[in-house]
Structures are given as C-alpha cells and as structure tokens.
Amino acid sequence: MRTPALIATELSMITKRIIQTLLLFAGLITVYTSCAQEYNYIHYDVKDGLAGSTVYDLCQDKDGFIWFATEAGISRFDGTHFKNFTTSDGLPETEILKLFADSKGRIWMAPFKNNVCYYYKGKIHNQENDAVLKKINLPSVIALFRESIDQDMAFYTNNSVTIVSANNAIYQFKCNEVTRIFLRRNPRGKGFQLNVDDSCYVITNGKMTSVPCGSLGVMDLDPRLNKVRATLKVTAEDCDPAINHVLFSNTWSGSYMVDTVTFDHYEESFLMGKQISHALVDSEKNIWFTTLGEGVYKLASRAFKTHYFYKSQSQEIFSLSKINDKIYAGAAFGRIYQLHEANIIDTINANKEFNTSLGYGSTNRITCLQQLKDGSLLMGSDGLLVKKTSKGNTFNTGIFAVKSIEELSNGLVLVGTARRAMVIQPNDLSVKDTIFPSRTTCVCFYNNNYYIGTVNGLYVVNTHKQIRYMGDVIPSLKQRISSFCKSPDGGLYIATYGGGILCLKNDQVVHSITTREGLSSNICRTIFINNDFLWAGTDKGLNKINISQTPYPVTTYSTSDGLPTDIINAVYVDGNTIYVGSPAGVTWFNETQTGHYSQCNLRILDISVGNQSQPMKNSYRLGYQDNSLKISYAGISFKSGGNIWYRYRLKGLTDSWDSTAQNVLEYPSLPPGNYEFELIAVNKKGIVSDPVTIAFIVDAPFWQTLPFQILIIATVILLTWLVVAWRFSMLRKKELERTTMQQKLNELEQMALRAQMNPHFIFNCLNSIQNFIITNDLESTNLYLSEFAYLIRQTLDNSEKSTISITNEIRYLKRYLEMEMMRFGHSFDYNIEIDPELDPDMEHIPTMILQPYIENSIRHGIRYKENGGGYIDIKFLNSTEGFICIIQDNGIGRKKANEYKSQLHVEYQSKGMSLTAERINILNRQLSDPITIEIIDLTDAHNQATGTRITLYFPYTLTFKPVKK
C-alpha cells in the first residue's frame with residue numbers, strides 16, 4: 001500500500017508531466033497555426049538603402065552599428081542611414097555569407113569564395129592588403145566565426161578550423177571524415193571547445209588537446225523540442241549563449257523563439273511564411289530578422305500587438321470606446337468591431353441603413369461611439385446616426401456626417417456634424433434645437449456653455465445662443481479644433497491641428513503643450529484623459545503626458561516602439577492597457593510591459609579636411625590652405641527610429657551650443673587658432689550620449705606668424721622712419737625754397753624801390769629844386785621839396801607792406817604824377833578813373849606794382865612826344881572774376897622808344913618793368929589765383945603808333961597757397 005507521501009509525489013510528477021505536455025502542445029500549436037494578432041515590424045529593403053534584399057547574416061559591433069551581409073555587399077546601419085560596401089571598397093566578393101563582430105571592433109566577413117576579410121577603423125582588410133590575412137589558406141567558404149576569451153579568432157570551414165591568435169599567429173587543424181561538429185568559446189577558460197562527432201577538444205596556444213566531453217558541458221535542447229524542430233526546415237539557429245541569450249530557430253517559413261527556461265518548447269513565432277536566415281537581439285532589446293529575398297525586419301517590442309483587418313475593405317480605425325466592459329472600434333463601411341480578450345468580433349454592420357442616408361456613396365466611417373446612460377450605444381458616421389439597444393436599432397438618415405457626440409446632463413445629446421451643431425432627443429434621434437449653424441469638427445458642453453470646434457477655430461455659445469469667437473482672444477484657438485477632454489481638476493483640454501494642446505479654465509489658457517514641451521507633433525488628432533495622464537494621438541505618434549507635474553513629462557510611442565504607424569486616429573485607455581486606432585487597424589499594449597530601455601551611442605563616421613578623408617584621431621592639425629572641415633557622425637539608437645537630435649559647438653569659434661538633426665557639420669573656412677569640437681546626441685527617449693571631443697589646430701599662414709609679424713613691424717617702422725625723414729627733408733627743402741623765394745622777392749622789391757627812386761629821378765628833382773632856389777622862386781622850391789619828401793616817405797612806408805588798397809595806391813600815384821608833371825613843365829596830363837561798382841577801400845593789390853609801368857609811359861612814351869600834349873589814362877574796372885587796371889598813354893610807342901634808346905645816351909637805364917614782371921611771376925607761384933599782364937601797342941588807321949596800353953588782371957582776393965608740411 002502506498003503512503004500519502006508517495007501518492008503526493010506521484011501526483012506531483014503526473015501534474016508536471018501534464019503541464020509539460022500542455023506546454024509542448026502549445027508550442028506545436030504556435031508552430032502550425034497563426035493567430036489574428038500580429039506583431040508590428042519595421043521593414044527595411046533596397047528602397048530604404050539596404051544593399052540587397054537577400055540577407056544572409058547580421059551582427060552588432062561594439063560601437064552599436066548593425067551590419068548586414070547581403071548578396072550585393074555589406075550594409076552598416078545606424079538606425080537612420082545605411083552605409084554600403086562593395087568590391088570598390090575592398091570586399092573580395094560582393095556576396096557575403098557570414099558576419100562576426102569581435103571584441104576589438106573588427107567586423108569579420110566571409111565572402112562566397114575561399115577567402116576572409118574584416119572591416120576595421122574605416123578600412124576593409126583583405127588578403128591582398130593585409131599581411132596576416134595573406135598567410136591564411138582556406139579549403140572552402142567559411143561557415144562559422146568564433147572568438148575566444150583571450151581574443152583569438154576561429155574560422156570553421158569544411159572539415160577545417162583556422163585560428164588567428166591575438167598576436168596574429170596562424171594555426172590550422174584538419175578534421176577528416178566528420179559527420180557532426182560543434183565549435184564554441186571554451187566555457188572553462190581560454191581557447192575554443194571543439195566537438196568532433198563523439199570526441200571533445202580544447203584548442204589553445206596553437207595546440208588541440210583532447211578532453212572529456214563531460215568536463216566542458218554542452219548546452220542541448222529538450223528532446224521533445226528536437227522532435228518539433230525536426231519537422232521544421234531550419235536555415236540557421238542563433239543559439240550560442242555567449243552571443244545571444246534569446247534563442248531562435250530560423251526556418252524557411254518563419255522564426256521560432258525557444259523558451260529559455262525549460263528549452264522544451266517554442267515560446268513565440270515570428271514572420272510566418274517568410275524565409276528567415278538569422279535573428280538577433282540588439283543592445284536595446286530590438287529583435288532583428290534577416291530574410292532571403294525580403295530584406296530585414298525589426299521587431300521593436302513584443303508588447304505591441306495589432307489586428308489587421310485583411311479581409312475588410314478598409315483596415316483603418318476611426319473611433320474607440322468601452323461599452324459594457326468591451327472595447328468597440330469604429331471602422332469604415334459601417335463596421336464596428338468588438339474586442340474581447342484580444343479576439344475581434346464584427347458586431348455591427350449598418351450598411352443597410354447607411355445606403356438610405358444622405359451620405360450614400362461615401363465610405364461611411366464610424367467616427368463616434370458613445371454609450372448613453374440608459375445603456376444604449378449611439379454611433380455616428382459619415383451620414384448616419386444610429387442608436388443600438390437590446391430591442392433593436394433606431395437611426396436618423398437625415399443627419400450629415402457626424403463628427404462628435406456628447407450626452408448632456410439633462411438626457412439630451414449634443415451632436416456636431418458637417419453642417420451644424422445640434423441637440424437631439426435620444427429616444428427617436430429627432431433634432432430638438434440647432435446650437436451652431438455651421439460646420440463643426442467636435443463639440444463639448446463645459447461651464448454651462450457649448451464649446452464648438454470648427455476648422456476655423458473655437459467658438460463658445462451660451463444657453464442664449466450668443467456666439468463668441470475665441471480665436472480673437474487666444475491666437476492658438478484659430479487653428480482647427482479636433483478634440484475636447486475634461487480633466488478631473490475642472491480644466492478643458494483642447495486638441496488643435498497645428499497649435500498643440502491647450503487647457504482652458506474660465507476661458508483663460510492655464511496650460512499649453514506643444515513640441516517645445518516635448519509633444520511629438522503640434523498636429524493632434526485625438527486626446528483622452530485617464531487619471532493624471534493625458535494621451536494625445538498625433539500624426540507623429542502617441543504621447544503620454546503627465547498633467548500633474550510641471551513642466552509636463554512626455555513619453556512618446558511611435559513605430560520605433562512597436563506601433564504599426566505614427567498616425568493615431570483614436571485612443572482609449574483601460575487600466576494599463578492602451579488601445580490605439582490607426583490606418584493599420586487596432587493596436588493594444590500593456591504599458592507596464594513595454595519597457596523603456598534605450599541607449600544612445602554617438603560615433604564619428606568621417607572627418608574630412610580640405611575634402612580629404614582623414615584617419616580617426618583625437619586631434620588634428622590643419623594647414624592654413626586646408627582649413628575646410630567636414631564632420632560626419634551618427635547617433636545610434638534603434639528605439640528612436642531616426643528621431644535623434646545633436647547638440648554641438650566649436651569652442652574657439654563660439655561657446656554657445658547649437659542643435660541640428662543633420663548628420664553632417666561643415667566649417668568651410670576656419671580662421672587660424674585652437675578649437676575644440678564638442679558633440680552629443682539625444683535620442684527620442686531623452687537619453688544623452690557620451691560627449692565626443694576632438695581638438696583642431698588651424699595653422700596661421702606664414703604672414704600671420706609671430707616672427708613674420710615682428711619682421712613686418714620692424715620693416716614698417718623702418719619704412720615709416722624713412723618716409724618721415726624724407727618728408728622732413730622735403731619740408732625743409734620746401735621751407736628753404738620758400739625762404740629763398742621770399743628773400744628774392746624782398747630783393748626784387750628793394751630793387752624795384754631803387755628802380756623807382758632812381759638816382760636820375762632824385763638828381764632831376766634836386767636840380768629842379770636848385771633851379772627854383774636860384775630864380776628866387778622860393779614858393780615853388782618849397783612846394784617841390786615838400787612833395788618830394790612826402791613821396792619818399794610814402795614810398796618807404798608802402799615798401800613795408802605786401803599789399804595796398806586801391807585808394808592808397810591812387811593817392812601815391814597822383815603825388816608821383818604831379819611831381820613828374822612839375823619836372824617836365826606840365827608837358828603831359830593824366831586821368832585816374834574808378835569803376836563805381838568797385839570799392840577801392842576793400843580791394844588790394846601788391847605794393848609798388850603800377851608805378852614802374854607809369855614811369856615807363858612817362859620816360860619812354862610821352863617824354864619824346866613832339867609838340868607835347870602827352871596824356872596818361874589810368875582806369876580801375878570791375879570784372880566777373882576780379883578787377884582790372886588799365887594804364888594807357890598816347891606816347892610814341894615801344895618800337896619808337898627802343899629806337900631812341902639806341903641813338904641817345906641815357907644816363908640811367910630803367911629796369912622797373914622787367915623787375916615788376918619777375919616779381920609778379922614770383923607772386924603767382926604763391927597765389928591761388930594768378931595776376932596776369934597784357935601789353936598792347938596802339939596804332940591808328942595808317943598803322944602809326946598812337947601809344948601803349950598795359951592791362952593788369954587782379955583777383956578779388958590775394959589768397960596765398962597753403963604751405964605743405
């Protein structure tokens with residue numbers, strides 16, 4: 001008889017076997033069936049930049065890049081861009097079959113030929129350009145790469161293992177007539193574990209040592225799983241715990257993930273019907289699948305599941321609501337789906353009623369779902385309003401496209417349509433009153449007012465139907481209004497198309513949530529409030545906003561997290577489960593299971609100086625002619641889906657930070673100096689990468705170097721000294737010339753004075769005085785002597801002045817002419833005339849400038865005139881540019897006078913005119929406006945000399961040129 005303990009033990013064993021059998025059965029069902037729910041994959045193919053659609057293998061390197069081996073080359077992916085490598089980049093063969101990323105950062109590649117190569121620091125090393133690889137002789141194509149803990153590399157080919165040690169030594173081991181082989185890192189230490197059929201070895205330090213197989217331990221799958229796996233067409237298995245702790249069996253018809261707890265069944269299946277070559281879980285927990293012919297698929301999260309309505313005319317969902325503990329989803333063509341524990345039931349099809357509506361011919365989208373207080377369901381579509389009860393359906397076909405529904409506290413229902421906003425009676429759906437007479441987009445009753453959203457903004461209608469346009473008060477409310485939500489604290493949240501989300505209290509904006517606050521887009525399609533969280537569906541993903549904190553923390557869900565599309569039409573939150581309606585169908589996920597694990601790695605891809613790519617270094621020195629800089633980089637975050645921002649600055653050029661979404665920065669012409677480039681990346685989750693810092697030194701041209709500048713300064717100083725010395729020399733020379741000229745002028749003036757007061761004149765005057773004394777003509781003697789003394793005094797006075805007024809000059813000339821008339825016995829007469837327009841007191845002429853010409857007229861013109869009757873006419877006339885002095889006599893003329901000079905002895909040769917002419921020439925060098933002289937011989941009709949006319953042209957003002965210094 002069995003004891004109770006034995007019975008309990010047997011029961012426990014039976015229960016365990018039943019559970020295991022059920023788990024295996026569940027795994028089998030997973031293998032051979034496909035459920036209506038599907039994961040949301042992101043697909044990458046040639047159109048996205050992938051080198052080829054047939055992808056044989058993939059790996060992730062230590063920098064975070066994911067590499068793909070295709071039939072058309074190698075692709076490196078940073079989450080945003082693909083970088084492709086072909087034979088032109090160094091690949092020995094375009095078709096690459098295997099990839100492996102080692103701990104040193106090398107990417108090993110197995111081409112479709114007996115060859116091996118690797119990528120390292122921007123260069124592909126092959127057996128033609130790498131001395132170590134050149135020593136390797138492979139018997140066939142590489143089937144497997146492995147790395148030991150001591151960084152040795154092992155390549156497995158057909159019955160051969162090649163080892164490249166960390167110090168680049170090459171070893172090869174042959175394995176002949178092998179039926180089963182297993183190669184992995186040695187789990188007990190250095191080197192590799194090699195199982196050949198039933199024998200086990202450890203390869204280390206270039207030696208292969210036989211060891212007991214039990215000492216190494218071999219990870220094996222449950223035999224029951226092996227039975228299932230035997231029925232699959234397995235292409236490859238990614239099941240090495242040292243590489244990947246999530247195990248996959250990849251087949252010609254999908255990929256299966258092994259339960260890593262019991263290893264006795266498949267937990268999940270993926271991409272059923274597709275030829276999967278390999279699978280990989282990256283550092284951010286994304287699962288990647290490579291296919292043969294269809295590119296690459298990424299599964300961002302297993303928490304997101306979507307029902308795609310493949311058999312329906314349209315998969316798009318426009319509305320979501322919870323009614324009687326069931327989630328209802330409104331679609332097109334009058335369909336409403338009921339969701340219950342992830343099963344989809346087509347509950348309502350109102351096409352029959354819709355065909356009789358005014359909107360017949362449209363897609364009849366179910367845009368509104370509202371459960372009324374009596375338990376009935378109110379549904380609004382493009383041309384139909386339907387009330388569903390347990391007794392049947394009531395509908396109104398005369399209502400145009402319904403946009404929004406809200407049940408009022410008095411039992412009536414507020415409905416917004418494409419024609420108007422109205423209040424209806426829910427019993428028979430009859431229109432009770434019109435609230436707003438124009439097209440609406442959404443409606444809400446708040447603070448005893450009707451809030452009407454339109455394409456032109458927000459209108460508020462009170463119970464007396466008085467309308468206020470809120471866009472005049474709040475500019476953001478001029479945008480199209482898409483949805484209303486009332487918060488527990490009494491606020492009204494308003495979603496707009498372009499202005500983000502606003503919260504109103506007492507018609508005042510108390511909160512504004514836009515992209516500045518972290519919203520993924522300002523185009524908001526729908527909003528939903530659940531406790532302290534506002535959920536916003538936009539055209540760029542779903543946003544969860546914590547409205548209990550300021551500033552608002554925003555969490556964004558998008559295709560990079562697992563959603564099938566970023567366009568969100570409807571959202572409903574039921575506890576921890578989030579339901580999302582989109583053009584792809586209905587998606588749901590438990591937000592507690594999504595996980596927010598994310599990384600952001602920043603890598604510099606290329607640095608170009610003067611359009612020439614440079615090796616990667618921490619610092620660079622640029623010549624002054626090669627001062628153009630181009631930096632390419634990538635922020636690697638596969639959870640961000642390319643939504644990465646970069647902050648950067650170039651210290652030495654600017655200390656302020658700038659932001660960009662671009663992956664390239666260019667500085668076309670950096671001035672000489674020392675710079676430090678700083679760059680960080682921020683992914684969609686707000687994770688900040690480690691900063692990258694690179695130093696740049698731009699050399700100055702030789703003419704900007706310190707020695708050259710010192711030389712230039714010294715040269716400038718020397719040249720300046722020479723120029724100043726030359727300038728002073730020139731100034732001294734000019735000053736000497738000016739002094740010499742002044743001295744010569746003074747001498748000429750003195751000579752002119754002596755010429756005027758010539759000894760002959762003085763001698764004649766004294767003879768006349770003596771004659772007057774002898775003849776006892778004391779009165780004449782006294783008069784002549786007085787005039788003579790006064791004339792000499794006036795001459796001496798005038799000689800001290802540079803200029804003299806016309807008035808004083810006339811006074812001087814009259815005394816001189818009167819004495820000459822007395823001396824020549826009044827044999828001539830004279831006349832002095834002044835133009836009335838000329839002011840003789842204001843106009844000045846050089847001193848002693850006219851007397852020599854008058855003296856010449858008397859001594860050589862009138863003196864020899866027969867029969868007397870000599871006459872001298874002196875005129876001062878005004879002109880446009882100055883004034884004119886004309887001295888005209890009726891003497892014998894210059895030609896006749898010259899004849900007398902040659903025939904008669906002249907005691908004194910007058911030089912007054914020549915001296916005056918030279919004096920005027922000297923003056924003209926100093927004057928801004930010159931003095932000019934014109935001498936004309938006068939003749940009669942018979943060409944006989946009738947006198948001489950001398951014309952002198954004076955400027956109004958005698959302005960001396962400035963002396964240059």
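Residues numbered from 1 in each chain as written. Predicted model: local features only at pLDDT ≥ 70, side-chain atom pairs only at ≥ 80, totals over all residues. Heavy atoms only, no water.

### Focus on the overall build of the chain
Working step 1: When helices and strands are tallied, the chain shows 12 helices and 69 strands.
Working step 2: Per-residue burial over the chain gives 47% buried out of 965 residues.
Working step 3: Look at the contacts in the chain between residues 6 or more apart in sequence, and 52% of them connect residues 24 or more apart. (Helix = DSSP H or I, 4+ residues; strand = E, 2+ residues; numbered from the N terminus. Buried < 20%, exposed > 50% of the residue type's maximum accessible area, 1.4 Å probe, protein only. Contact = heavy atoms within 4.5 Å.)

### Quick word on the confidence of the model for the chain
Working step 1: The predicted model of the chain averages 85 in pLDDT, with 87% of residues at 70 or higher.
Working step 2: This stretch, residues 1-36, has a pLDDT under 50; its non-local contacts, to residues over four places away or in other chains, come to 22 contacts. (pLDDT = per-residue confidence, 0-100.)

### Focus on the sheet that holds strand β69 (residues 945-955)
Working step 1: What the 5 strands build is an open sheet, ordered β64-β66-β67-β69-β68; its pairing is mixed. With one partner strand each, in any of the chains shown, β64 (828-834) and β68 (932-939) form the two edges of the open sheet. In this sheet, adjacent strand axes meet at a mean angle of 10° when their direction is disregarded.
Working step 2: When β64 meets strand β66 (residues 870-878), the two strands line up parallel, connected through 7 bridges. Looking at β66, one finds that I832 is bridged to I874.
Working step 3: In this fold helix α9 (residues 806-823) packs onto β64, β66 and β67 (882-889), with an angle of close to 170° to the strand it touches most, β64.
Working step 4: Packing against the sheet, helix α10 (residues 851-862) makes contact with β64, β66, β67, β68 and β69, and its axis sits at approximately 155° to β66. (Pairing = 2+ DSSP bridges. Axes fitted to C-alpha atoms, helices over the stretch in contact; angles between N-to-C directions.)

### Side note on the sheet that holds strand β11 (residues 144-147)
Working step 1: With respect to topology, 4 strands assemble into an open sheet ordered β11-β12-β13-β14, the strand pairing being antiparallel. A strand with exactly one partner marks an edge of an open sheet, and here the two such strands are β11 and β14 (170-174). Across the sheet, the axes of successive neighbouring strands diverge by a mean angle of 20°, strand direction being ignored.
Working step 2: Bridge count for strand β12 (residues 153-157) against strand β13 (residues 160-164) is 5 bridges, and the pairing is antiparallel. If you follow M153 over to β13, its bridge partner there is V164.

### Things to note about helix α8 (residues 778-799)
Working step 1: An ideal rise of 1.5 Å per residue puts 32 Å on 22 residues; α8 measures up with 31 Å between its terminal C-alpha atoms.
Working step 2: Every buried residue belonging to α8 is among T781, Y784, F788, L791, Q794, T795, N798 and S799, and all of these are buried. Taken end-on, α8 shows its buried residues confined to a sector of 170°, consistent with a single buried face. The exposed set on the far side of α8, more than 90 degrees from its buried face, consists of L778 and E779. (Expected span 1.5 Å × (residues − 1). Arc of directions from axis to C-beta.)

### Some details on the side chain of T157
Working step 1: Secondary-structure assignment places T157 in strand β12.
Working step 2: Ignoring sequence-local partners within four residues, the contact set of T157 consists of L138, P139, S140, V141 and I142.

### Details of the nonpolar core
Working step 1: With 38 residues, the main nonpolar core has L850, I854, I872, F876 and F954 as its most contacted residues.
Working step 2: Where this core is concerned, the elements lending two or more residues are α8, α9, β64, α10, β66, β67, α12 (912-926) and β69.
Working step 3: Here this core gets 8 residues from one element, more than from any other, and that element is α9.
Working step 4: If we ignore the near neighbours within four places in the chain, the residues touching F954 are I845, P846, I849, L850, E881, G882, F883, C885 and I931.
Working step 5: Core analysis: the second largest hydrophobic core is formed by 29 residues, W67, A69, I107 and V296 among them. (Core = buried A, V, L, I, M, F, W, Y, C linked by side-chain atoms within 4.5 Å.)

### Quick word on the pattern of salt bridges
Working step 1: Tallying each qualifying case throughout the model produces 24 salt bridges.
Working step 2: When the shortest N-O distance is used, the salt bridge between R365 and D382 registers 3.1 Å. Of the two residues, R365 is situated in the loop between α4 (351-354) and β31 (366-371) and D382 in the loop between β32 (377-381) and β33 (385-389); the sequence distance between them amounts to 17 residues.
Working step 3: For the salt bridge of D561 with K685, the shortest nitrogen-to-oxygen distance reads 2.6 Å. Of this pair, D561 sits in the loop between β50 (554-557) and β51 (570-574) while K685 is found in the loop between β61 (673-682) and β62 (692-698), placing the two residues 124 residues apart along the sequence.
Working step 4: The class of K685 is partly exposed, set by a relative accessible area of 24%. (Salt bridge = Lys/Arg side-chain N within 4 Å of Asp/Glu carboxyl O.)

### Observations concerning the layout of surface pockets
Working step 1: Estimated volume of the second largest pocket: approximately 1,300 Å³.
Working step 2: For the second largest pocket, the lining is made up of 39 residues, of which T367, K403, S482, S483 and T526 are closest to its centre.
Working step 3: The set of elements that each furnish at least two residues to the lining of the second largest pocket consists of β27 (317-323), β31, β35 (402-407), β39 (442-446), β43 (480-486), β47 (524-530) and β51.
Working step 4: Looking at the lining of the second largest pocket, the element that brings in the most residues is β43, giving 7 residues.
Working step 5: Classifying every residue of the lining of the second largest pocket gives 18 nonpolar, 11 polar and 10 charged. (1 Å grid on protein atoms, 1.4 Å probe; cavity = no way out; pocket = protein on both sides within 12 Å on 5 of 7 lines; lining within 4 Å. Points joined across faces, edges and corners; volume = space filled by probe spheres on them. Nonpolar A, V, L, I, M, F, W, Y, C, P; charged D, E, K, R; others polar.)

### So, the state of the cysteines
Working step 1: In the structure shown here, the tally under the stated rule is 1 disulfide.
Working step 2: A disulfide bridge connects C200 with C213, and the sulfur atoms are separated by 1.9 Å. One disulfide, between C200 and C213, carries an S-S torsion of 105° and so falls in the right-handed class. Highlighted residues: C200 in strand β17 (residues 199-204) and C213 in the loop between β18 (207-211) and α3 (223-230), separated in sequence by 13 residues.
Working step 3: Overall, the relative accessible area of 30% leaves C213 in the partly exposed class.
Working step 4: With no disulfide of its own, C444 lies 8.3 Å from the sulfur of C442, the closest cysteine sulfur.
Working step 5: We classify C444 as buried; its relative accessible area is 2%. (Disulfide = S-S within 2.5 Å.)

### Regarding unusual backbone geometry
Working step 1: Here T550 and P551 are connected by a cis peptide whose omega angle stands at 0°.
Working step 2: Inspection of the secondary structure assignment puts P551 in the loop between β49 (541-546) and β50.
Working step 3: Even without being a glycine, N611 presents a positive backbone phi close to 65°.
Working step 4: Checked against the element boundaries, N611 lands in the loop between β54 (601-609) and β55 (612-614).
Working step 5: N611 sits in the exposed class, given a relative accessible area of 72%.

### As for the pairing of strand β21 (residues 254-258)
Working step 1: In terms of burial, β21 is a largely internal element, 5 of the 5 residues being buried.
Working step 2: What sits between the antiparallel neighbours strand β20 (residues 248-251) and β21 is a turn of 2 residues.
Working step 3: Bridge analysis of β21 against strand β22 (residues 266-270) gives 4 bridges, and the strand direction is antiparallel. Looking at the pairing, M257 lines up with E268 of β22.

### As for the packing of α9 against α10
Working step 1: It is the contact of α9 with α10, at a shortest axis distance of 11 Å, that shows an interaxial angle of 25°. Between α9 and α10, the crossing angle belongs to the class labelled roughly parallel. The interaxial crossing formed by α9 with α10 has right-handed handedness. Residue-level contacts link E809, Y812, L813, Y816, L817 and E820 of α9 to Q851, I854, E855 and I858 of α10.
Working step 2: A per-class count over the contact of α9 with α10 returns 6 nonpolar, 1 polar and 3 charged. (Parallel < 35°, antiparallel > 145°, perpendicular 65-115°, else oblique. Left-handed = near helix turned anticlockwise from the far one by under 90°.)

### A closer look at α9
Working step 1: For α9, spanning 18 residues, the distance from its first C-alpha to its last is 25 Å, which sits close to the expected 26 Å at 1.5 Å a residue.
Working step 2: What α9 keeps buried is the set I806, E809, I810, Y812, L813, R815, Y816, L817, M819, E820, M821 and R823.

### Considerations on empty space enclosed by the protein
Working step 1: A full pass over the atoms with the stated rule returns 7 cavities of 30 Å³ or more.
Working step 2: Taken together, S301, F304, Y557, D561, T594, G595, H596, Y597, K639 and K685 form the lining of the largest cavity.
Working step 3: Across the lining of the largest cavity, the residue classes break down as 3 nonpolar, 4 polar and 3 charged.

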